[in-house]
Amino acid sequence: MDTVSRTGIIQPPFMNLKIATGLSQGCDRPANRASLMGETDRRQAPPVAAAEKSQNQTMLGNASPTPYDLRFSLLGIPVRVHPLFWLFSAVMGWDPDDLNYMLLWIVCVFVSILVHEFGHALTARYFGWPPKVVLYSFGGFASFTPTWGYTTTRSILVLLAGPGAGFVLFGVVWCVKQLLIQQRVLPEHPEMLLWDSASPTGLRYTAFVLRQMAFINLWWGLVNLLPVFPLDGGQVARELLTHLRPRDGLDISLKLSLLVGAGVSAYCFMHKDTWPGVLFGVLAFESFQHLQEMRYR
Ligand SMILES: [Zn+2]
């Protein structure tokens, strides 16, 4: 029984604050930020503003609205799910032996990315900035336009709230797993069930869901904290550096993003992990492009 897809490492999508991913919170934030700081330094706003202006279109997928989007409201926050989200999640979780694993995987990805984006969105709303959430081919993003009271501290709190919400969900999943083991519903090492076709199907599915939910919410959360733009970590680095060094902070944050992105990409290729290698290569290239735009503007 081929169990690779059931236990294999699946490539992380982007869960960010657009984009990026999302990709900073609201498409016109830098402009606001610049005016908030009373700065008119062109180097500060244009390149990122340009990137954020096209927040629905990046090298890593298109999130523009379609007639096939699933739209709903959760806790008063509008959510839009692009049809490619389902397709890409299905491809990532494809299991020819048992399609139920693919369906369970799609549910795990959907719930985890939604919780992550709602971490961002609810924190933004707490500060008085009405958010929207979009799930698209490469993950999801929350976007909002800061109206007043926008500070670096608040921006970083909104950014960290996404991975933070995922880590809380990881904790909940871990507690549920321990409880089920304690109640002897699951064996000491539930993962072993995935290799045991004689074990009850329901238990195998439960072990699969616990494993994927733990993996997604821990590892994708940690990946998103890498200082690579437009991941959450890349934006935190930009917020901090542009706050500490308004003149060249953006430049330094993009150089850091280029360096770490290229490094992670090289590491992935060395370990024959092609897909994340390509993804981080593309992100490194996007940071390089932003740097070029700033240099020749
Ligand atoms: Zn995020």
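In this report, we go over the structure that sits alongside the text. Predicted, not measured: the structure shown is a model, and the values here were computed from it.

## Some details on the nonpolar core
- Counting 33 residues, the largest nonpolar core has Phe85, Trp105, Val109, Leu114, Val133, Leu135 and Ile216 as its most contacted members.
- Looking at this core, the elements that each hand over two or more residues are strand E5 (77–81), helix H4 (83–92), helix H5 (99–126), strand E6 (131–136), helix H6 (152–182) and helix H7 (201–224).
- Setting aside its immediate chain neighbours within four residues, leucine 135 contacts Arg80, Val81, His82, Phe85, Phe110, Ile113, Leu114 and Gly140.

## Quick notes on the pattern of salt bridges
- Evaluation of the coordinates by the stated rule reveals five salt bridges.
- The salt bridge involving aspartate 248 is made with arginine 245; its shortest N-O contact spans 2.8 Å.
- A relative accessible area of 42% places arginine 245 in the partly exposed class.
- Counted as one network, the salt bridges with shared partners bring together Asp69, Arg71 and Arg80.

## Overview of the environment of arginine 71
- Positionally, arginine 71 belongs in strand E4 (residues 70–74).
- Sequence-distant contacts of arginine 71, defined by excluding residues within four places in its chain, comprise Pro65, Val79 and Arg80.

## Focus on the packing of aromatic side chains
- Applying the stated rule across the entire model yields 14 aromatic pairs.
- With 5.2 Å between their ring centres and 80° between their planes, phenylalanine 85 and tryptophan 86 make a pair best called edge-to-face.
- On the basis of relative accessibility, which here comes to 31%, the residue tryptophan 86 falls in the partly exposed class.
- Considering the side-chain rings of phenylalanine 85 and phenylalanine 110, the 6.2 Å spacing of their centres and the 65° angle between planes classify their relative orientation as edge-to-face. Of this pair, phenylalanine 85 sits in helix H4 while phenylalanine 110 sits in helix H5, and the two are 25 residues apart along the sequence. This pair shows no difference in class: phenylalanine 85 is buried, exactly as phenylalanine 110 is.
- One aromatic cluster is present, built from ring pairs that chain together Tyr126, Phe127, Trp129, Phe144 and Tyr150.

Each value, and the rule that gives it
- Residues numbered from 1 in each chain as written.
- Predicted model: local features only at pLDDT ≥ 70, side-chain atom pairs only at ≥ 80, totals over all residues.
- Heavy atoms only, no water.
- Core = buried A, V, L, I, M, F, W, Y, C linked by side-chain atoms within 4.5 Å.
- Buried < 20%, exposed > 50% of the residue type's maximum accessible area, 1.4 Å probe, protein only.
- Helix = DSSP H or I, 4+ residues; strand = E, 2+ residues; numbered from the N terminus.
- Contact = heavy atoms within 4.5 Å.
- Salt bridge = Lys/Arg side-chain N within 4 Å of Asp/Glu carboxyl O.
- Phe/Tyr/Trp six-rings, centres within 6.5 Å; stacked < 30°, edge-to-face > 60°.

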